[in-house]
Amino acid sequence: MDGKVADDGGGGSQKLLEEVRALVETLNKVVACYHQLSSCVGGSTDSGQLRHELRQTRERAQQLALDSRRLLTARLRDRSLAPPTRLEAELLWVSFSSSLELLHADMCKVFSVGQNFPLSSNTGVLVQTGMQGETAKVTARALSLSEPDLNEAPASMDRLEQGELEAEKARVDQMIEDMEQRVNVLRWTVEAQGPQNAEPVGSGSSLALLSVLQAEPEQHRCKRGQMFVAALVVSLAAAALLLSVGVLYLG
Amino acid sequence: MTIRNVRDHGQRYRPRMACLKKVEALVLEMQDPKSGVKSQTQRLVITTIPHAITGEDIVAWVANRFNIDAREAQSIATLMVAFGYIYPLQDHKRLIIKADTSLYRFQTPYFWPAQQWPAEDTDYAIYLAKRNIRKKGVLELYEQEHYNNLHKWMNHKWDFIVMQAKEQYRAGKERKKPDRVVFDCQERAYWVVHRPPPGTISAMDYGLERLTDPNADEVKKKKTMDYYRRIVIFTQQCIMRSRVKSSVSLGAIVKYITTCKNHDPFLAMCLPSNPWLTDDTTYWELNMPNVEIPTKMRVERWTFGFRELLSDPRGRADFRLFLKKEFSGENLAFWETCEDLKWGAAATMKDKAQQIYKTFLAPGAPRWINIDGKTMDITVKGLVHPHRYVLDAAQTHIYMLMKKDSFGRYMKSTVFKETQKKAISPEEHKFSDAQLEQNAKKRKPNLSPIVLRQREEEEKARLAASGPMDITQLCKFTAPVPHLAVYTGICEAQLSHGRERQPPSPGFPTLPNSAACPSPISVAIDSTPASERKFEGQGGSAAAQFPSIAEVPLETRVSASARGPDESQLASQKSRVALSLSRFLRRGCGNASVLASLSPKCHSAMGGRVQPLSREPLSQPQPKRIANFFQIKVDIPPECRIYPIDSEDEENECTSRVRGTVKEIICPWESITKQDQAG
């Protein structure tokens, strides 16, 4: 697919950029979901269903990639862009290409792990990784569905997927190469605008849970114990004070 | 110009990690529900997670599988943990197996170490950002440092990294709680393996990266006939390689050690004291390259072998002196010039090679060296297209000659014995601590190497100028020696008062070399003591009896130029001289130096004239000399017989008829056309 496209005519470049940004963010989301799903391959939850989900996610990602690429390339080749818009476009470009690289890496890994753990063969052993649950929700998020798709995966999906994966990952690779050649974005001139550390999103994370529960939690227990003891002492002190005050009063 | 983003296509093979495949096979075996490792459930407060295994179970299984003892099984299991195939659930930072009830779990294949792909920095940055998102300030110090570094050099991607981290975090949230816990553990374990905390030994230190998989052949290559044939050839060649019996080589090592061990400052005390330890530089001063009196140890070293003698400048000087007395100095000179050619600048190589030929190799050359015909053939052929190593064969021959012959005699000679007697053996310094401190304070830097080099070159020039050129063989020449005679003997008498010189046997004809090369070299041989005496006595017509020729130092441009102006003076004196001189000049050998060597200077010094110009008929050259006659065609009149005489052979009575023609040494490559024309 070539990257040529006519300018959208309507809305200013700003609107277009917004569109592109939305696309890139969605791509990011899908790639993240793909990453989450791919970690399950070969593990205890590996199944035809998983492969199917992987496939769906991958397809969506590729589609998004194509779309964004089209628009972004058009934007960036437009030399009449004003500098601030251009900078934004470049930033988006960097994000886009990095997501695509991540996707490519994940696809390669999935492919090679999938080869070592073919589901269709009878002697296939899966590694007991401790995973149990379903990944349907992740896929739903990836596909932007409100409800997880509960349809059964078609049989021997894994072989189909494996076969296609090889071709697809070459295609993604090619896309990345093409992108590099067509658009001359100097990476060292691109400066990130966001903060270094992202704001903490949640407090009750799973690792925190883990740390509470494990052996090292002695620290936490200690802390809790200390707090408890401190509270106790404080209350005792308060009681003593009250008593002394009472005594004074009475006495 | 686009700077390509370098992506790892998984094409780099890290051979040290080739063992990973075997570990993977082992891990898969452990999964077998029947014969694998028994798993249990890990109980956490809220939930339970299956597939936890105890350390002792793992170790027992490995021991059982390979039929080994517990300790070895433990180390194998530790290796599996170190590579990241199994991760500990408690104490996650220490990647070892504890053979007790501590729990472990298998890592998901996605996070297994891969031989082709390294762990990417982008992923690491995303992981750290994710942890920051979860809870701020949870990063360890080294992780924080990594994070800051990554932020600096991956700055352009940083928006993407933060965005991706957020997305991954949210995607992770879509999973059920126990799965989330497991995933987090897995990821954490992965990064402990691939970005180990500082101070820990990482099993991921994989050494070199290669572009081809060294194990690919074993697995996939088809074993065709051709493949086996190549293997057979390879092994045959291995067998055919020459080997040395270990008894022989070990014997050589032992011998070397026993001879040299007292000379090694590491192993034995060096006298007077080791400058590096005591800050006293006497040792270096006593062992300077051109010191007058060497130390006893140094002299002893010369006895170890010829190479030791030559490589020590002082030793070489001593040897040179000895050779001068023996009249075989040309050997050493040739060897040194060859070394100069080998190591010198490429620009001057052609000229140097020519010079060397004219000086040493050509028949009738002033300092003709005695090498066999075959080597001479090879050398001359090579000199047509000279290169750095063209004189290698000749040089080796001469080296061997010196080693086998001269070296032995040197060891027994008076020169050496005197040096040995005079050699000093310094007393050992015994510094007290206070003195050591003082020495340390008095340290001063060495002379700059530039200064040293200048000094070296001055020394060389001086040596060359004053140079005791040894007397090489007589070249029985039919050339009109006279005007070409170089009376270095006289000069020498003048310059080096009392420098000893051994006169050659009487009756040696003097044939100056018509080696009219740019370098002023003429072979001059002192005929007799008588002549010497005569020279010294009168400087008169004595020389008429026997033209004596002394040799001029090779680089005696100084003296040459000094004598230069007198050339005309000389020419005017003797008609014969003039005749040959003109002929000489016509041949383009107009180098003053040669003629100048007639040394008017010596003239004055002697108070007489140099008269090598006698045309005394000399006795016929002896036939046996012809043995050394070379096959090289040069433009010589047929009557002219040139036979260099071995300098050792001093009893030789050879004469030759002095001819009117000057023999000119023509380098073969120059005279190809002439010869062709001639015949």
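Since the model is a prediction, treat every value here as computed from it, not as a measurement.

What counts as what
Residues numbered from 1 in each chain as written. Chains lettered and ligands numbered in written order. Predicted model: local features only at pLDDT ≥ 70, side-chain atom pairs only at ≥ 80, totals over all residues. Heavy atoms only, no water. pLDDT = per-residue confidence, 0-100. Contact = heavy atoms within 4.5 Å. Pairing = 2+ DSSP bridges. Helix = DSSP H or I, 4+ residues; strand = E, 2+ residues; numbered from the N terminus. Axes fitted to C-alpha atoms, helices over the stretch in contact; angles between N-to-C directions. Buried area = accessible area lost by both parts, 1.4 Å probe. Salt bridge = Lys/Arg side-chain N within 4 Å of Asp/Glu carboxyl O. Polar contact = N/O pair within 3.5 Å; in protein donor to acceptor, adjacent residues only side chain to side chain. Parallel < 35°, antiparallel > 145°, perpendicular 65-115°, else oblique. Left-handed = near helix turned anticlockwise from the far one by under 90°.

**Describing the confidence of the model for chain B**
As a note on interpretation, predicted positions should not be read in detail where pLDDT is low. Residue and element names in this part refer to chain B. In this model, chain B carries a mean pLDDT of 72, and residues with pLDDT of at least 70 account for 64%. Below a pLDDT of 50 lies the segment residues 470–575, which in the model reaches 372 contacts outside its immediate sequence neighbourhood of four places, other chains included. Across residues 671–679, confidence stays below pLDDT 50; counting only partners more than four residues off in sequence or on other chains, it has five contacts. Across the whole predicted complex the pTM is 0.50, and at the interface the ipTM reaches 0.77.

**As for the sheet that holds strand S3 (residues 86–88) of chain B**
Sheet strands associate in pairs through backbone hydrogen bonding, adopting either a parallel or an antiparallel arrangement. All names here are of chain B. The four strands lie next to each other as S1-S2-S4-S3, forming an open sheet whose pairing is antiparallel. The open sheet has two edge strands, strand S1 (40–43) and S3, and neither has a second partner. For this sheet, the mean angle separating the axes of adjacent strands, direction not counted, is 55°. Summarising the sheet, S1 and strand S2 (residues 48–54) pair through three bridges and their orientation is antiparallel. Directly across from Gln-42, in S2, lies its bridge partner Ile-49.

**Re the confidence of the model for chain A**
Residues and elements named next belong to chain A. Here chain A averages 76 in pLDDT, and 76% of its residues register 70 or above. Of all the helices and strands in chain A, helix H6 (residues 206–213) carries the lowest mean pLDDT, 48, while helix H1 (residues 13–38) carries the highest, 88. Long-range and interchain partners of residues 211–222, a stretch whose pLDDT sits below 50, account for 14 contacts in this model, where long-range means more than four residues apart.

**Quick notes on the environment of B:Ile58**
Residue and element names in this part refer to chain B. Structurally, the position occupied by Ile-58 is in helix H2 (residues 55–66). Between the C-alpha atoms of Ile-58 and Val-37, which are 21 residues apart in sequence, the distance is 6.5 Å. What Ile-58 contacts, discounting residues up to four positions off in sequence, is Met-30, Val-37, Ile-53, Ala-77, Ile-86, Ile-97 and Tyr-104.

**Concerning the environment of B:Lys430**
Position of B:Lys430 relative to the elements: it lies in the loop between helix H20 (414–422) and helix H21 (433–441). When the C-alpha atoms of B:Lys430 and B:Ser273 are compared, they prove to be 8.3 Å apart, with 157 residues separating the residues in sequence.

**Regarding the interface of chain B and chain A**
Chain B puts 71 residues into the contact, and the matching count from chain A is 76 residues. Summed over both partners, the interface of chain B with chain A buries about 7,000 Å², with 57% contributed by carbon and sulfur atoms. We note a salt bridge from A:Arg141 to B:Glu174, for which the minimum N-O separation is 4.0 Å. Scanning the region where chain B abuts chain A turns up eight residue pairs in polar contact (both at pLDDT 80 or more). Of all the elements in the fold, those that place two or more residues in the side of chain B that touches chain A are S2, strand S4 (103–106), helix H4 (121–134), helix H5 (141–153), helix H6 (158–173) and helix H7 (177–194) of chain B.

**Digging into the packing of H4(B) against H5(B)**
Residues and elements named next belong to chain B. At a minimum axis distance of 10 Å, the contact between H4 and H5 shows a crossing angle of 120°. Taken as axis vectors, H4 and H5 run oblique relative to one another. Here the hand of the crossing between H4 and H5 comes out left-handed. On H5, the residues touching Asp-121, Tyr-124, Ala-125, Leu-128, Ala-129, Arg-131 and Asn-132 of H4 are Tyr-142, Glu-143, His-146, Tyr-147, Leu-150 and Trp-153.

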